[in-house]
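Single-letter residue listing:
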Protein chains: 2
Amino acid sequence: MHIILLSGGSGKRLWPLSNDIRSKQFIKIFKTEDGGYESMVQRMYRQIKAVDTDATITVATSKSQISQLRNQIGEEAGISVEPCRRDTFPAIALATAYLHDVQGVSENEPVVVCPVDPYVERDYFEALRDLSCLAQEGEANLTVMGIEPTYPSEKYGYVIPENTDKVSVVRTFKEKPDAETAARYIEQGALWNAGVFAYRIGYVLQKAHELMDFTDYDDLFSKYETVRKISFDYAVAEKEPKIQVMRFAGQWKDMGTWNTLTEAMEEPVIGKGTIGDACENVDIVNELDVPILVMGLKNAVVAASPEGILVTDKEQSSYIKPYVDAMDQQVMFAEKSWGSFQVLDVEKESLTILVTLKPGHRMNYHSHDHRDEVWNVISGSGRTIVDGMEQNVHAGDVITMQAGCRHTIISDTEEIRLIEVQLGKSISVHDKKKYALEE
Amino acid sequence: MHIILLSGGSGKRLWPLSNDIRSKQFIKIFKTEDGGYESMVQRMYRQIKAVDTDATITVATSKSQISQLRNQIGEEAGISVEPCRRDTFPAIALATAYLHDVQGVSENEPVVVCPVDPYVERDYFEALRDLSCLAQEGEANLTVMGIEPTYPSEKYGYVIPENTDKVSVVRTFKEKPDAETAARYIEQGALWNAGVFAYRIGYVLQKAHELMDFTDYDDLFSKYETVRKISFDYAVAEKEPKIQVMRFAGQWKDMGTWNTLTEAMEEPVIGKGTIGDACENVDIVNELDVPILVMGLKNAVVAASPEGILVTDKEQSSYIKPYVDAMDQQVMFAEKSWGSFQVLDVEKESLTILVTLKPGHRMNYHSHDHRDEVWNVISGSGRTIVDGMEQNVHAGDVITMQAGCRHTIISDTEEIRLIEVQLGKSISVHDKKKYALEE
């Protein structure tokens, strides 16, 4: 089966664990069998592979997520990079063209599109496989998944089937209603439209050529900024007469708020934390290295990361966005393809960060115009290249680099950690020039 | 007036802002007129000086508090260091001997003893001055302050006066009662015994010689570990027939819990914090550099420091101690006489700290047997001495020191900040040898 995972959005609703560069799908909060934690992306990737080891997975996402995706799911998955945000139809068209033109998948093969962020179990992926088979059979041009509603939600669009069969022709789509209208839809047999659907590749390519002027993947990629923003539902699904819906009654949880996210946690404390005896229904998600103690609270979430600390009533957690929008925050930690960094100290003319370089990885070869840097290697060993000079380094070594000097650090076999001290009057992430490295 | 401030206790009840080495009296949470914040110690010191600029203040405390006291109130106040904890009678006797033998205060002069941690206003210090005058007049050997109770508290001892005059002979002392008994005491006109009293120096010296075998301050200091633990109330006050009580009806708040402490805060947020619209009676005390957001909580305190994060219902905050006792924590920040340090990163074989050296101060000249260190100077300028070699340093300089090497840094006029990276297999605060420095 071919799957396109839509990995979108910056995740202000799950601040402080999500931020402008780390979306909610990368937060590691789901317990794994070996006692560690995995993110939504990692969980879904693992679940797909468990149901179909041969599944090809393509993640449709923005440039800013590539490093984190590679960090979390490795090099195997395909990534269809959206040069900018252009809503779901261009994104799905681009990913479909990527599958066809770059990966060489035939026009007749089916593909399943689904968002990366619902919390689901194995039966969901078995349903995706069924969806793929239905697309392959070709009774309809488009087969959507309809989730059996558990309450009259205002958060989702609805799809109303002709009948109550497992697979039915779609009568109509409905946009997000108010609760009363939602209840009326449900009486009519409506299902939640979860944004999950399957089609044969040729079908979406044809629709794409009808709506956008391009020749192939490379061409669409290069003119992506100029295409019109339009949703897949509006551009395709709502206009397609040959469309069917397959109902799904298994677990499907939207992980959009701290309230819903913590429902999916297996245990109430992730990280260092203590919940006092007088607490009820309290969860702690702590990415800091210091303990959190909660006493006497009910129905609350405490979440802490290097970016900040949230303490919220669970019901209230859905109102977080304006508060986070009002914060003018520096990014304090990030996962990169080569490892990660965390800001330790911010001063007027210096910035100190902890850098972790994964075994077998390297930084870009780069320089800064407006700051000097010092690397204090605190663990591991590897090589640095500074203005073309290579030297072996290990814990205890100190490397000083003046502004303008080209530098990189390379791990051959061991993880390397270093304290990087940046010094300058105008320290900025944008002050960076990259160079090709000839070894 | 001569005042002995009793500055005791480690402050687990106000974790994470107090800890094994920072007691509650050093937390800066009281707003000052210039927009900054001051601690209980600083507030009380300032308040005493405002009422009596000539007051001599002697702080009776343990060795572990000297650095913080000097950091917060400077060099002027006297400090009577208790070599170990021996309850209030030996502590008061030692401080009284210090006043007499070290400071040269005459036996006939009065002295007022009071704890450093109640939250009080100017009228309290005017009352202390009255207390000092009463001791000077000598109608009684001991004059205690009785606080007019506002409720039948179980937390305080009581003193019952003979009559309701401003100053009355004491009929009897009562230990901490249950609430019912407290109510009965109050019906009899009882006052809270706040541990505040005044006497002439000669009186307590005489009591001290009766109960302990010593010649003078130095002698008592040297044999302090061998003296019996006994409270001042038990050893002196409850046995003294010539004793009077002066009533005080002004503000007097015990700052023992987060609940009572936050009542004394002028505004609900100290540090970076946002209280959402749906909150009621929420306070934030944030010593971290990242924001705290609280949504939908009622009657709660959120307190954060480099040691940890507390989220507590206000009423529940008095039950904190066993939870904090159960934590095995490293000290993550400390104020020293020369400045302060904060731990930024802890690894298996390295520790990174931010050091701030106050203008005109220096570290001890010292060495470590089991770790190398690197100083990355990030702001200011001064001098380092490393194995006897002096050199000028400023922001951007890196100084590396092998284990065994003697080193110090000296600020002449500017505050210096540096990132210190410690490297070694067994990093410990106890791995430190100090040396005299000849310049």
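Rules behind the numbers
Residues numbered from 1 in each chain as written. Chains lettered and ligands numbered in written order. Predicted model: local features only at pLDDT ≥ 70, side-chain atom pairs only at ≥ 80, totals over all residues. Heavy atoms only, no water. Helix = DSSP H or I, 4+ residues; strand = E, 2+ residues; numbered from the N terminus. Rg over C-alpha atoms; globule rule 2.2 N^0.38 Å. Buried < 20%, exposed > 50% of the residue type's maximum accessible area, 1.4 Å probe, protein only. Contact = heavy atoms within 4.5 Å. Lys, Arg positive; Asp, Glu negative; His and termini not counted. Charge placed at Lys NZ, Arg CZ, Asp CG, Glu CD. Least-squares fit on C-alpha atoms with pLDDT ≥ 70 in both. Core = buried A, V, L, I, M, F, W, Y, C linked by side-chain atoms within 4.5 Å. Pairing = 2+ DSSP bridges. Right-handed = clockwise from strand over helix to strand, strands pointing away. Salt bridge = Lys/Arg side-chain N within 4 Å of Asp/Glu carboxyl O. Polar contact = N/O pair within 3.5 Å; in protein donor to acceptor, adjacent residues only side chain to side chain. Nonpolar A, V, L, I, M, F, W, Y, C, P; charged D, E, K, R; others polar. Expected span 1.5 Å × (residues − 1). Axes fitted to C-alpha atoms, helices over the stretch in contact; angles between N-to-C directions.

Secondary structure summary: chain A contains 10 helices and 30 strands in total. What you see for chain A is a C-alpha radius of gyration of 24 Å, in line with the 22 Å of a compact globule of 439 residues. Considering only C-alpha atoms, chain A reaches an extent of 70 × 60 × 40 Å along its principal axes. Put simply, chain A has 439 residues, and 56% of those count as buried. Within chain A, contacts between residues separated by at least 24 positions form 66% of all contacts whose residues are at least 6 apart in sequence. Of the side chains in chain A, 46 bear a positive and 68 a negative charge, and the two mean positions are spaced by 2 Å.

Of the two same-sequence chains, chain A is brought onto chain B (RMSD 0.1 Å, axial shift 0.0 Å) by a rotation of 180°. Between the two chains, the operation in question is that of a two-fold axis. The rotation axis passes nearest to the C-alpha of Leu-344 of chain A in chain A, at a distance of 2.9 Å. Most of the interface of chain A is mirrored in chain B: 100% of its interface residues are interface residues there too.

With 70 residues, the main nonpolar core has Val-294 and Val-311 of chain A together with Val-294 and Val-311 of chain B as its most contacted residues. Residue contacts for Val-311 of chain A: discarding those within four places in its chain leaves Leu-297, Val-301 and Val-302 of chain A together with Leu-293, Val-294, Met-295, Leu-297, Val-302 and Val-311 of chain B.

Before going further, it helps to examine the environment of Arg-200 of chain B. Residue and element names in this part refer to chain B. Along the polypeptide, Arg-200 turns up in strand 11 (residues 191-200). Judged by its relative accessible area of 30%, Arg-200 is partly exposed. Residues Arg-200 and His-394, spaced 194 residues apart in sequence, show a C-alpha to C-alpha distance of 53 Å. The residues contacting Arg-200, other than those within four sequence positions of it, are Glu-107, Asn-108, Glu-109, Pro-110, Ala-135, Gln-136 and Gly-138.

All right, on to the pairing of strand 4 (residues 56-62) of chain B then. Residues and elements named next belong to chain B. Burial of strand 4 is extensive: 6 of the 7 residues sit out of reach of the surface. For strand 1 (residues 2-6) and strand 4, the ladder comprises 5 bridges, and the chain directions are parallel. Along strand 4, the bridge assignment pairs Leu-6 with Ala-60. Here 5 bridges tie strand 4 to strand 5 (residues 78-82), and the two strands are oriented parallel to one another. Counted as the bridge partner of Val-59 is Ile-79 from strand 5. Chirality of the crossover, the property in question, places the unit of strand 4, helix 2 (residues 66-73) and strand 5 among those that are right-handed.

Turning next to the sheet that holds strand 16 (residues 280-286) of chain B. Ordered by their spatial adjacency, 6 strands build an open sheet running 15(A)-17(A)-19(B)-18(B)-16(B)-14(B), and the pairing between neighbours is mixed. Across the chains shown, the open sheet's two edge strands, defined by having one partner strand only, are strand 15 (273-275) of chain A together with strand 14 (269-270) of chain B. By the bridge criterion, 2 bridges tie strand 14 of chain B to strand 16 of chain B in an arrangement that is parallel. Within strand 16 of chain B, the position partnered with Ile-270 of chain B by the bridge is Val-285 of chain B.

All names here are of chain B. With 8 of 8 residues buried, strand 22 (residues 350-357) lies mostly within the body of the structure. Burial along strand 22 is two-sided: Ser-350, Thr-352, Leu-354 and Thr-356 facing one way and Leu-351, Ile-353, Val-355 and Leu-357 facing the other are all buried. Two elements, strand 21 (residues 339-346) and strand 22, share 7 bridges in a ladder whose sense is antiparallel. Across the sheet, the residue bridging to Ser-340 is Thr-356, located in strand 22. Bridge count for strand 22 against strand 29 (residues 416-423) is 8 bridges, and the pairing is antiparallel.

Another point: the interface of chain A and chain B. The interface of chain A with chain B comprises 50 residues on the first partner and 50 residues on the second. Run the count over chain A and chain B and you get 2 salt bridges. We note a salt bridge from Arg-417 of chain A to Glu-347 of chain B, for which the minimum N-O separation is 2.9 Å. In this structure, the connection of chain A to chain B is made through 15 residue pairs in polar contact (both at pLDDT 80 or more). With 6 residues, strand 19 (residues 308-313) of chain A is the single largest residue contributor to the side of chain A that touches chain B. The residue inventory of the side of chain A that touches chain B, partitioned by class, reads 31 nonpolar, 13 polar and 6 charged. In terms of strand pairing, strand 19 of chain A meets strand 17 (residues 292-295) of chain B through 4 bridges, oriented parallel. Along strand 17 of chain B, the bridge assignment pairs Leu-310 of chain A with Leu-293 of chain B.

What follows covers the side chain of Lys-314 of chain B. Residue and element names in this part refer to chain B. The topology assignment puts Lys-314 in the loop between strand 19 (308-313) and helix 10 (321-325). Given a relative accessible area of 7%, Lys-314 falls into the buried group. At 2.5 Å, the side chain of Lys-314 forms a polar contact with the side chain of Asp-283. Those residues in contact with Lys-314 that sit more than four places away from it in its chain are Asn-259, Thr-262, Asn-281, Asp-283, Asn-299, Ala-300 and Val-301.

Moving on: helix 3 (residues 88-102) of chain A. Residue and element names in this part refer to chain A. Spanning 15 residues, helix 3 covers 20 Å between terminal C-alpha atoms, matching the ideal 21 Å at 1.5 Å per step. A large share of helix 3 lies buried, amounting to 11 of its 15 residues. Among the residues making up helix 3, those that are buried are Phe-89, Pro-90, Ala-91, Ile-92, Ala-93, Leu-94, Ala-95, Thr-96, Ala-97, Tyr-98 and Leu-99. One or two steps after helix 3, the chain reaches Gly-104, where phi turns positive at roughly 75°.

Below, the discussion takes up the sheet that holds strand 29 of chain B. Residues and elements named next belong to chain B. Here 6 strands make up an open sheet; going across it, the order is 20-21-22-29-24-27 and the pairing antiparallel. This sheet does not close on itself; its edge strands, each paired only once, are strand 20 (333-336) and strand 27 (398-401). When the angles between neighbouring strand axes are averaged without regard to direction, this sheet yields 20°. Across the sheet, helix 2 lies against strand 20 and strand 21, angled at about 70° from strand 20, the strand it touches most.

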